[in-house]
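Geometric and topological summary
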Amino acid sequence: MIAGSSASTSSDTVHESTLSATQTGWTGVHYEIFVRAFCDSNGDGIGDLNGVTSKLDYLKELGISAIWLMPITLSPSYHKYDVVDYYSIDPEYGTMDDFKRLIAEAHRRDMKVIVDFVINHTSSEHPWFRQACQSRENPYHDWYVWMSQQEIDATNVATREITADSQEKNPWHAVAGAPFKEKYYALFWKGMPDLNYDNPAVREEIYKAGKFWLTEVGVDGFRLDAARHIYPEWEEPKNHQFWEEFGREMEAVKPGAYTVGEVWTRPERIAPYFRGLKANFNFDLCLALYDVIACEDDTQNVIDFLLEVRAAFGQVNPQFIDAIMLSNHDQIRIGSILKGNLNHLKVAASLLLTLPGNPYLYYGEEIGMQGKKPDEYIREPFLWDTKRKDKNRSRWTKAKYSTDKRVTPLALQQPDPASLYNHYKRLIHFRNVHPVLNDNLSVLEASDIKQPGILAFVRRSGDQSVLVIHNLTGERSEVLLYPDSTAVSKRIRFDTVGDAELLESGKLCLSAYSCVVLEDIL
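The shown structure was predicted, so the numbers you read here are calculated from the model rather than taken from an experiment. (Residues numbered from 1 in each chain as written. Predicted model: local features only at pLDDT ≥ 70, side-chain atom pairs only at ≥ 80, totals over all residues. Heavy atoms only, no water.)

Moving on, we get to unusual backbone geometry. A negative phi angle characterises most non-glycine residues, just as the trans form characterises most peptide bonds. Note the cis peptide between lysine 373 and proline 374, where omega equals 5°. For proline 374, the location among the structural elements is in the loop between strand S14 (358–362) and helix H16 (410–413). The phi angle at glutamate 296 is positive, at roughly 60°, despite the residue not being glycine. Assignment of secondary structure puts glutamate 296 in the loop between helix H12 (283–295) and helix H13 (302–316). When its relative accessible area of 21% is taken as the criterion, glutamate 296 is described as partly exposed. (Helix = DSSP H or I, 4+ residues; strand = E, 2+ residues; numbered from the N terminus. Buried < 20%, exposed > 50% of the residue type's maximum accessible area, 1.4 Å probe, protein only.)

Now the structure itself:
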């Protein structure tokens, strides 16, 4: 056991997977892109696929291994989470040829491409739904979820509790002028009617669409929107069965295809989704990290929490991938949560990129972009350069939070060694080459180090291990690595600031807001 660690009794720490991270093919750091806001290649004010392609070298230099594109299919909305055609690219973003070129260029750089696959619902403008509204006898009517008011009342599902992923309290909607009185179910809003997955024809068509993107187009996997809501909340166990079937269908046509689910709920309720999905987002972790960073102390007992979470996941699927993040397109940006505090943002990056799991960056986090609700303001244009010089900045919306006054554009951060961008870049590159930190299946262990303002933990992969120590505070600190010993058997493998010292007294002296990775001297 590495000094400074204590064994855990959780199944996470005793399980040794025979499948290495290299074999899974899904290591490294993933990067979420809202295409509309990322890079405008043709000057029309709207980010596009060719813009993403033009920035692949930037992402490669940052150290990104895979990109996740928010929806790119034909849709009437700016966000495109209401699909009208599962087989086409929205012309605002470009053409299918543009997208295939993006994929080819990403693959040439050893980067993978994941797309948002929105299959819980369609747009109310989708041809299927328009057909469904014509009559109860129409073949497409049963492609959606309908109930009479009497059935709704009898089953007590007229209203629902507002959840983190849906503010809709009244999910049942009537169709104006329809020749029937049934209402359709739409979890998110009336413009997004939910599909009926008890209908085999719906499953067959969705599987067909998924296989099209994996094989004919060439994407490497999917982010599954609203994965918890394929079936309504009162039938949630059916979701688990559906995702198992979905996983088998996709794996059959593209072995190794990546799937990551959006499941906003408690860890024990997320766990069953790992039967069919390879990864799921850990929303609770990012919420816990907010308090830890802002309070400059481990107020949430993050490692104990993670050990419990990972034990729950591991019981269902020992090869689970914990998709960790600081924020995404549905949440207040981490830059605003931490009020633009550069030191706190660096601590956030250090935690994200040293904790176990598959880290996701939301575009612009690496430069400290900010944003608060409503959603448009957390999806503002990326700042490539100062406004006057920025030929690639999209103009799809006027920025309120990520402006030149609040956020330093990338071009000004790149030459600055102390910038947030370079902090991210150094961390990502270190993580990418380290056999323990870059292993999604590595073991997490608690550390014996318990000190105010310090968060420490051990990561282990095979016979290699590291001790990671974070100073959450603004004071230079001395940390006793382990009692009645010395630090001479240790070496500093990485230090975000560069002036950490190992003392013969058995202590580590580290700078304010820094992260140090220690290894045993062999």
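Structure shown, so let's carry the discussion forward.
In the contact formed by helix H6 (residues 96–108) and helix H9 (residues 200–217), the axes pass within 11 Å of each other and the chain directions differ by 65°. It follows from the interaxial angle that H6 and H9 lie roughly perpendicular. Along its contact with H6, which presents Met96, Phe99, Lys100 and Ile103, the element H9 presents Phe212, Trp213, Glu216 and Val217. Classifying every residue of the contact of H6 with H9 gives six nonpolar, no polar and two charged. (Axes fitted to C-alpha atoms, helices over the stretch in contact; angles between N-to-C directions. Parallel < 35°, antiparallel > 145°, perpendicular 65-115°, else oblique. Contact = heavy atoms within 4.5 Å. Nonpolar A, V, L, I, M, F, W, Y, C, P; charged D, E, K, R; others polar.)

Pairing between the strands of a sheet is mediated by backbone hydrogen bonds and can be parallel or antiparallel. Taken in spatial order, the three strands line up as S7-S9-S8 in an open sheet, and their pairing is antiparallel. Pairing within the sheet leaves two strands with one partner each, and these edge strands are strand S7 (146–147) and strand S8 (172–174). Examined bridge by bridge, S8 and strand S9 (residues 183–185) share three bridges and lie antiparallel to one another. Within the sheet, the bridge partner assigned to tryptophan 172 lies in S9 and is tyrosine 185. (Pairing = 2+ DSSP bridges.)

On to the packing of H12 against H13. Direction vectors running N to C along H12 and H13 enclose 175°, while the axes themselves pass 11 Å from each other. The angle between H12 and H13 falls in the class roughly antiparallel. In this structure, H12 uses Asp284, Leu285, Leu289 and Val292 to contact H13, whose residues at the interface are Val302, Phe305 and Leu306.

The next subject is empty space enclosed by the protein. Taken as a whole and judged by the stated rule, the model has two cavities of 30 Å³ or more. Empty space within the largest cavity amounts to approximately 90 Å³. Around the largest cavity, the lining residues are Pro71, Ile72, Thr73, Val83, Tyr86, Val115, Asp116, Phe117, Val118, Trp213 and Phe222. Among the elements that take part in the lining of the largest cavity, strand S6 (residues 112–117) stands out by supplying three residues, more than any other. Looking at the lining of the largest cavity residue by residue, the class counts come to nine nonpolar, one polar and one charged. Here the second largest cavity defines a volume of roughly 30 Å³. Lining the second largest cavity are Glu32, Trp68, Phe281, Met325, Ser327, Asn328, Tyr360, Leu361 and Tyr362. Here the element with the most residues in the lining of the second largest cavity is S14; it accounts for three residues. Among the residues making up the lining of the second largest cavity, the classes are represented as six nonpolar, two polar and one charged. (1 Å grid on protein atoms, 1.4 Å probe; cavity = no way out; pocket = protein on both sides within 12 Å on 5 of 7 lines; lining within 4 Å. Points joined across faces, edges and corners; volume = space filled by probe spheres on them.)

So, on to the nonpolar core. Membership of the largest hydrophobic core comes to 144 residues, with the highest contact counts inside it found for Tyr31, Ile67 and Phe99. One finds Ile449, Leu481, Leu508 and Leu510 within the second-largest nonpolar core, a separate group that totals 14 residues. (Core = buried A, V, L, I, M, F, W, Y, C linked by side-chain atoms within 4.5 Å.)

This part takes up the pairing of strand S10 (residues 221–224). Consecutive side chains of a regular strand alternate in pointing toward one face of the sheet and then the other. Burial of S10 is two-sided: the residues Gly221 and Arg223 facing one way and the residues Phe222 and Leu224 facing the other way are all buried. Regarding topology, helix H10 (residues 237–253) serves as the crossover connection from S10 to the parallel strand S11 (residues 258–261), and that connection is right-handed. (Right-handed = clockwise from strand over helix to strand, strands pointing away.)

The subject of this paragraph is the sheet that holds strand S20 (residues 501–502). Taking strand neighbours across the sheet as the criterion, the three strands line up as S18-S21-S20 in an open arrangement whose pairing is antiparallel. Two strands in the sheet have a free side with no partner beyond their single neighbour: strand S18 (477–480) and S20. Strand direction decides the pairing type here: S20 and strand S21 (residues 507–510), joined by two bridges, are antiparallel. Within S21, the residue paired with leucine 502 across the bridge is leucine 508.

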